[in-house]
Amino acid sequence: MGTCCVAGCGEIIVNEEEKYFTDSEGNKHAEGDYISLDGATGNIYGEKIKTIEASVSGNFATIMKWADKYRQLQIRTNADTPNDAKQAYNFGAEGIGLCRTEHMFFNAKRIFIMREMILAKTVEQREKALAKLLPMQKSDFEGLFREMKGYPVTIRLLDPPLHEFLPTEEDEIKKLAKDMKRTIKEVQETINELQEFNPMMGHRGCRLSVSFPEITRMQTRAIIEAGISVQNEGIKVTPEIMIPLIGDVKELKYVKGLIVEEAEKVLKEKKTNLKYTIGTMIEVPRAAILAGDIAKEVEFFSFGTNDLTQMTFGFSRDDAGKFLNDYYDKKIYDYDPFQRIDEQGVGKLVQMAAWCGRETNPKLELGICGEHGGNPASIEFCQKSGLNYVSCSPFRVPIARLAAAQAVLKGLKI
């Protein structure tokens, strides 16, 4: 995480056995050689190029001050680590609009405990594993709260299907079985049971909370305990707990009940107060349609336009690359709907949900946390649609600040 990547290098030829690759110009790069990647252009250079830390200074800083004078949208960031949060704050972010908690489970020590939790056969075994993850999650959240220095931090509960945390290679499966003191057959059966035909629409998001409420309780406790800890350091803390993939009001009420019950339990144990809010992602078309009813139960909506785009168009972002170029060539689509928001379809769902939500809850806060949050054209749409904030990756925060100001100067008033 945080490492530059250039994807889709189809012209590179990799020789795994001899440990080198050849680029499109025939240049050979062996294991151990330096290369440099330019994430903005996609260029690859066969040498070590000196880099400097990006900062907002000089004339650039002046332009950013001008932008902040005119913009009305808040600019938040998508950040899962204190380092990302710090970088975004230095670029002018006014909070975290999306913390993806699943990204906190993938290092070597944590993934083992996560797998222990997934392979548990009883609730008691699962809670025992979750108790080991609790202090780790708490520490992560404390770091985010400190770096944001009082700005809001929106934390999304566990979202991906559980099979994503399990190994797929035979050697890893054998090692996991040995470490867990299970048979290889038992582990393989669990992996097979959790495998999904369509993970994007499977056992994930709030559905995990319904099936495994103990996961939600652990994450809620970690958020609230972290908030109390940092608040006791004299730092203002504003945790926003976000429920993913809601499609039904009863579903929302159930998960919200778990959060409130656990949060109030922690506050009672610690004999203190902490203001927290509960919201949901609008990323399922049905949630957009039912926004008026859903808004009665929450304090904010965050539009997860990545999934909302996939579900509205009916194709996966991961697979669309196989045919979208044909659509561009034949003038069916003018642009990639995953890069710039589709105002005619997805955009209308966003606007409808925003309007219906505010009809039943006038104080409802509205934001966007999908990839579109860093796209200037999409930011203009968000301004026009009456959203309160956009959230984007740390290094796109300055672009978002500028685009938000330009949207106002074009006469697009909230």
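For the structure itself, consult the block above.
Model, not experiment: these values are computed from the prediction. Along each chain, residues carry numbers from 1 onward, in the same order as the chain's sequence is written. Only residues with pLDDT of at least 70 get local features here, since the model is predicted, and only at 80 or more are side-chain atom pairs given and counted; chain-wide, interface and lining totals rely on the full set of residues. Each side-chain value is worked out from all heavy atoms of the structure, with water and hydrogens disregarded.

A. Quick look at the packing of aromatic side chains. Ring pairs are drawn from Phe, Tyr and Trp, using the six-membered ring of Trp, whenever the two centres fall within 6.5 Å, and their geometry is named by plane angle: stacked under 30 degrees, edge-to-face over 60, tilted for the rest. Under the criterion given, the structure shown has eleven aromatic pairs. Between the aromatic rings of F106 and F165, the centroid separation amounts to 5.0 Å while the plane-to-plane angle is 15°, which identifies the pairing as stacked. Taken together, the residues F106 in the loop between β7 (96–100) and α3 (108–118) and F165 in the loop between β8 (152–156) and α5 (170–180) connect sequence positions 59 residues apart. Think of it in three bands: residues with accessible area under 20% of the maximum for their type are buried, residues over 50% are exposed, and the middle band is partly exposed, with areas taken using a 1.4 Å probe on protein chains only. According to the relative accessible area criterion, F106 is partly exposed, its value standing at 41%. Among the aromatic residues, ring-to-ring pairing joins F313, F315, F323, Y327, Y333 and F338 into one connected group. Over the ring of Y89 we find K149; its NZ or CZ atom is 4.8 Å from the centre of that ring. In this description a helix means any DSSP run of H or I spanning at least four residues, a strand means any run of E spanning at least two, and both kinds are numbered starting from the N terminus. The rule is short: NZ of Lys or CZ of Arg within 6 Å of the ring centre and within 35 degrees of the ring normal puts a charge over the ring.

B. How the structure looks around the pattern of salt bridges. Salt bridge, as used here: a side-chain nitrogen of Lys or Arg that lies within 4 Å of a carboxyl oxygen of Asp or Glu. Under the defined criterion, the tally for this structure stands at 28 salt bridges. In this structure, the salt-bridge partner of R401 is D68, at a minimum N-O distance of 2.5 Å. Taken together, the positions of R401 in helix α16 (residues 397–409) and D68 in helix α1 (residues 58–70) put the pair 333 residues apart, joining distant regions of the chain. The exposure class of D68 is partly exposed, given its relative accessible area of 30%. With a closest N to O distance of 3.0 Å, R71 and E94 form a salt bridge. Linking R71 in the loop between α1 and β6 (74–78) with E94 in the loop between α2 (82–90) and β7, this pair joins segments that are 23 residues apart in sequence.

C. Just the sheet that holds strand β10 (residues 277–282), in detail. Criterion used throughout: strands pair if DSSP finds at least two bridges between them. Spatially, eight strands are ordered β6-β7-β8-β9-β10-β11-β12-β13 in a closed barrel, and the strand pairing comes out parallel. Put simply, the sheet's adjacent strands are angled 25° from each other on average, direction ignored. In this structure, β6 lies alongside strand β13 (residues 389–392), joined through four bridges in parallel fashion. Bridge pairing in β13 places T77 opposite C392. When checking whether two residues touch, look at their non-hydrogen atoms; a contact exists if any pair is within 4.5 Å. Convention adopted: a line fitted to C-alpha atoms gives each axis, helices being fitted over their contacting stretch, and angles between N-to-C directions are expressed from 0 to 180 degrees. In the packing of helix α9 (residues 249–270) onto the sheet, the strands contacted are β9 (238–243) and β10, and the crossing angle to β9 comes to about 145°.

D. Quick look at the nonpolar core. What we call a nonpolar core is a set of buried Ala, Val, Leu, Ile, Met, Phe, Trp, Tyr and Cys residues that are connected through their side-chain atoms within 4.5 Å. With 97 residues, the main nonpolar core has F141, F145, I224, I243, F301 and F303 as its most contacted residues. A total of nine residues in this core trace back to one element, the largest contributor, which is helix α4 (residues 123–148). In this structure, I243 is in contact with L157, C206, L252, V255, K256, I259, I278, G279, T280 and M281, ignoring residues within four places of it in sequence. The next biggest cluster of nonpolar side chains, apart from the first, holds five residues, and it includes M242, M281, F300 and C369.

E. Representation of a nonpolar patch on the surface in the model. Patches in this entry comprise residues that are over 30% relatively accessible and not in a salt bridge; like charges within 9 Å are linked, as are nonpolar side chains (Val, Leu, Ile, Met, Phe, Trp, Tyr) within 5 Å. Note that accessible areas follow from Shrake-Rupley with a 1.4 Å probe, and for residues the cover is restricted to the protein chains shown. Taken together, I35, L37 and I44 make up a surface patch of nonpolar side chains, about 200 Å² in accessible area. By secondary structure assignment, the location of I35 is in the loop between β3 (28–30) and β4 (36–37).

F. Structural context of the pairing of β9. With five of six residues buried, β9 lies mostly within the body of the structure. Here five bridges tie β8 to β9, and the two strands are oriented parallel to one another. Within the sheet, the bridge partner assigned to T154 lies in β9 and is E240. The parallel pair β9 and β10 is bridged by α9, and the resulting crossover is right-handed. A right-handed crossover is one whose linking path, passing over the helix from the first strand to the second, runs clockwise when the strands point away from the viewer.

G. Seen up close, the sheet that holds strand β2 (residues 20–22). Read from one edge to the other, the open sheet built from three strands follows the order β1-β2-β3, with strand pairing classed as antiparallel. Pairing within the sheet leaves two strands with one partner each, and these edge strands are β1 (13–15) and β3. Pairs of neighbouring strands in the sheet enclose a mean axial angle of 20°, with direction left out of account. Bridge count between β2 and β3: three bridges; the pairing is antiparallel. From the neighbouring strand, T22 faces β3, where its bridge partner is K28.

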